Amino acid sequence: MEFNLPNGVKVELVKGDITELEVDAIVNAANSYLEHGGGVAGAIVRKGGPIIQEESREWIRRYGPVPVGGVAVTSAGALKAKYVIHAVGPRCGREPVEKIKDAVANAVLKADELGLSSVALPAISTGIFGCPYREAAKLTLEAIKEVAPRLRSVRRIIVCLYTDELYKVFESIFKEIF
Ligand code: AR6
């Protein structure tokens, strides 16, 4: 499912594994310490290689922990993408779910700042961080809609959903928002 936004930006929903996508950057659902254990973070480091975890630790040494809603950038190792943009979503129950919007907006804006044309993101905070799917879908897609008019280089935004259930929820909210 896809939709063309006014300023030449296309947003697409796809089902599958984000580490397989041919895009300029993939977004990781990270924690503030950029210690990539399980979930999509684990998959990214397993496939991209240890360089991603090493560069993440270097980032933390230099700048300190990434705030909730914030982002950090590393290379993408052996992945097809050039960069991994690590976005920190909220842990639901402890931090406000609305921070998903900041994480998504900041990730897409970072891709734009890097001059990239395509970026793919997963459903941030919907796994280990335990946020409800519908709320996450609404906040993710609203964030994309809101930043799109400000983008200068990003022309393709892919939201990559790992399961049928997530895809269905995102699809229904997508139809409401776009
Ligand atoms: N491709 C796309 N989506 C995926 C993939 C994949 N290969 N693997 C899992 N997902 P999670 P969070 C989906 O738990 O909730 C990590 O340990 C998954 O189905 O990866 O933001 C970090 O280091 C879910 O819908 O991220 C943090 O500590 C979505 O990705 C913490 O988990 C996000 O699930 C972050 O938790």
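So, here's what we can say about the structure. (Residues numbered from 1 in each chain as written. Predicted model: local features only at pLDDT ≥ 70, side-chain atom pairs only at ≥ 80, totals over all residues. Heavy atoms only, no water.)

Some remarks on the site of the ligand
What surrounds the ligand is a group of 22 residues, the closest being Asp17, Val40, Ser125, Thr126 and Ile128. A distance of 3.3 Å separates an oxygen atom of the ligand from a polar backbone atom of Glu35. The backbone of Val40 places a nitrogen or oxygen atom 2.7 Å from an oxygen atom of the ligand. Expressed as a share of its isolated accessible area of 700 Å², the protein-covered part of the ligand is 91%. With respect to the pocket detection grid, the ligand is positioned in the largest pocket. Top element by residues in the shell around the ligand is helix H1 (residues 39-48). It accounts for four residues. Taken together, the residues that form the shell around the ligand break down as 11 nonpolar, nine polar and two charged. (Near = heavy atom within 4 Å. Polar contact = N/O pair within 3.5 Å; in protein donor to acceptor, adjacent residues only side chain to side chain. Areas by Shrake-Rupley, 256 points an atom, 1.4 Å probe, with all protein chains shown as cover. 1 Å grid on protein atoms, 1.4 Å probe; cavity = no way out; pocket = protein on both sides within 12 Å on 5 of 7 lines; lining within 4 Å. Sits in = over half its atoms within 2 Å of the grid points. Helix = DSSP H or I, 4+ residues; strand = E, 2+ residues; numbered from the N terminus. Nonpolar A, V, L, I, M, F, W, Y, C, P; charged D, E, K, R; others polar.)

Focus: the packing of helix H3 (residues 99-113) against helix H4 (residues 133-147)
Where H3 contacts H4, the two axes come as close as 8 Å, and the packing angle between them is 40°. When the axes of H3 and H4 are compared, the pair comes out oblique. Handedness of the H3/H4 crossing: right-handed. In this structure, H3 contributes Ile100, Lys101, Val104, Ala105, Val108 and Leu109 to the contact, and H4 contributes Ala136, Leu139, Thr140, Glu142, Ala143, Ile144, Glu146 and Val147. (Axes fitted to C-alpha atoms, helices over the stretch in contact; angles between N-to-C directions. Parallel < 35°, antiparallel > 145°, perpendicular 65-115°, else oblique. Left-handed = near helix turned anticlockwise from the far one by under 90°. Contact = heavy atoms within 4.5 Å.)

A short note on the side chain of Asn28
Its location among the elements puts Asn28 in strand S3 (residues 25-30). Apart from residues lying up to four places away in sequence, Asn28 is in contact with His36, Val40, Ala41, Ile44, Val84, Ile85, His86 and Ala87.

Everything listed is a geometric property; what it means functionally is a separate question.
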